[in-house]
Amino acid sequence: MVTHLLAHPRIQVRVLHAPPIPEYTDDAWCLYDAQRTLIDTGQALVLALGAYTDSFLQEHFGLKLLTQPVRGQLSYYPLPPILPEGWPSLASVAKKSMIPARLDKEQQALFVGASFDRHRDQAIIDHTDRQTHLQYLAQNHRSVFDFLADLGEQGWQDFAGVRSMLADRLPVVGAVNGQKNVYILSGLGSRGFSLGLLCGELLASQINAHPWPVSLGQGNSLDCNRYLRSKPD
Ligand SMILES: Cc1cc2nc3c(=O)[nH]c(=O)nc-3n(C[C@H](O)[C@H](O)[C@H](O)COP(=O)(O)OP(=O)(O)OC[C@H]3O[C@@H](n4cnc5c(N)ncnc54)[C@H](O)[C@@H]3O)c2cc1C
C-alpha cells in the first residue's frame, strides 16, 4: 500500500540525515539543512513527525503538544518457505496479537506483539518484552512456538518504536492557531495504519478548502489546538 501511495506522480520523497530547519520567508515555507542549503519550499508546512512532533514544535515554534509517548516493541521471526501442516493462516488477537505470516511470497515472517510501555519515550529494544511475547506464543500457540524453537532461538528479531498518544486517544489534525500555514497530523497512537489515510485526507481537504471526508463535528474534534500550549520558559 505504501509503495503504491508513494508512486503518486506528485509525491516526492527525500531522505534527510538530519532534521530540516523551517523558516517562513516571502509568503512561503522554506526548509534548510544545517549548512543553510535550501532543501525545499512550499505554501504549507505539515508536521507529521509521530512522537517527535512535540520536540520539533518546541524547538521551532515555542509550542508544546501534550502527547503521551508510549514505547512499543514487537518480535518477529523470518520463516522458511515451507511451513508445517496446520500453520495458522489468520492473525490471532488476545492480550497480544500474533500475525502468522506476511503476505509476501519472497519473505514471510511471523510477528508477535506489541508491548505498551508508558514509562519510556525512546525506541529501545528490551529483551524482557521479547520474553513476554514468547511466553504468550508458548501458552496460546504451542505448535507454532515449538516449530520456531526447533529452528533456533537466534532467528528472533525485534522492532521498537514510540507511539504518540493524546489524553482523549484521538489524533490531532489541522492548522496551528497563530501560525502561518502550519499544520499538524499526529497522535495516531496505535491506530496509525487504520486512521492515517483518513486523517491525511482530512488534512489535505482542510489545506485545499475541499469538502471534508468526515462530518464537521468529527473533524473539529481532532483540532490540534486542543492539546497545544505555549512552551513554558
Ligand atoms: C511496536 C509497534 C506496533 C504497532 N502496531 C500497529 C498496528 O498493528 N496497527 C496500527 O494501526 N498501528 C500500529 N502501530 C502504530 C503506528 O506505527 C503509528 O500509529 C504510526 O506509525 C504513526 O504514524 P506517523 O506518520 O504519525 O508517525 P511515524 O510513523 O512515527 O512517522 C514519523 C516520521 O517522521 C520522521 N521524523 C521525526 N522527526 C523528524 C524531523 N525532525 N524531521 C524530519 N523527519 C522526522 C521519523 O523518522 C518518521 O519517519 C504500532 C506502533 C509500534 C511502535
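Procedures and definitions
All residue numbers here refer to positions counted from 1 along the written sequence of the relevant chain. Only residues with pLDDT of 70 or above have their local features reported here, since the model is predicted, and side-chain atom pairs are shown and tallied only from 80 upward, although totals for entire chains, interfaces and linings are computed over all residues. Residue proximity rests on one test: whether the C-beta atom, placed from the backbone, lies within 6 Å of the molecule or strand. Helix numbers and strand numbers start at the N terminus; a helix is a DSSP run of H or I with at least 4 residues, a strand a run of E with at least 2. Note on residue categories: nonpolar means Ala, Val, Leu, Ile, Met, Phe, Trp, Tyr, Cys or Pro, charged means Asp, Glu, Lys or Arg, and polar means any other residue, Gly included. Here the bounds of each domain stem from an automatic or database domain assignment. Residues are called buried when their C-beta atom has 20 or more other C-beta atoms within 10 Å, exposed when it has 12 or fewer, and partly exposed otherwise; all C-beta atoms are positioned from the backbone. Here contacts are defined at the residue level, using C-beta atoms placed from the backbone and a cut-off of 7 Å between them. Here, a nonpolar core denotes buried Ala, Val, Leu, Ile, Met, Phe, Trp, Tyr and Cys residues that are linked to one another through C-beta atoms within 7 Å.

Student: Could you give an account of the site of the ligand, with specific residues and numbers?
Tutor: Inspection of the region around the ligand gives 24 residues, with Pro19, Gly50, Gly161, Gly192 and Phe193 positioned closest. Of all the secondary-structure elements, those providing two or more residues to the shell around the ligand are strand E6 (68–79), strand E10 (157–165) and helix H5 (192–208). Top element by residues in the shell around the ligand is H5. It accounts for four residues. A breakdown of the residues in the shell around the ligand according to their chemical character gives eleven nonpolar, eleven polar and two charged. Mapping the shell around the ligand onto the domain boundaries places at least three of its residues in each of domain 2 (44–67 + 166–233) and domain 3 (70–162).

Student: Explain the environment of phenylalanine 145 to me, using residue names and the numbers behind them.
Tutor: Residue placement: phenylalanine 145 occurs in helix H4 (residues 142–151). Look at phenylalanine 145 and you get partly exposed, because 18 C-beta atoms sit within 10 Å. When residues no more than four places from it in sequence are discounted, the contact partners of phenylalanine 145 are Leu137 and Ala138.

Student: An account of the nonpolar core is needed here, citing residue identities and associated values.
Tutor: A general feature of soluble globular proteins is that nonpolar side chains tend to end up buried together. Val172, Val173, Tyr183 and Ile184 are the most contacted members of the largest nonpolar core, which has 23 residues in total. Sorting the residues of this core by element identifies strand E4 (45–47), strand E5 (63–65), strand E11 (172–175), strand E12 (182–186) and H5 as the ones contributing at least two each. If one sorts the elements of this core by residue count, E12 sits on top with four residues. In this structure, isoleucine 184 is in contact with Leu47, Thr53, Val172, Gly174, Val176 and Cys224, ignoring residues within four places of it in sequence.

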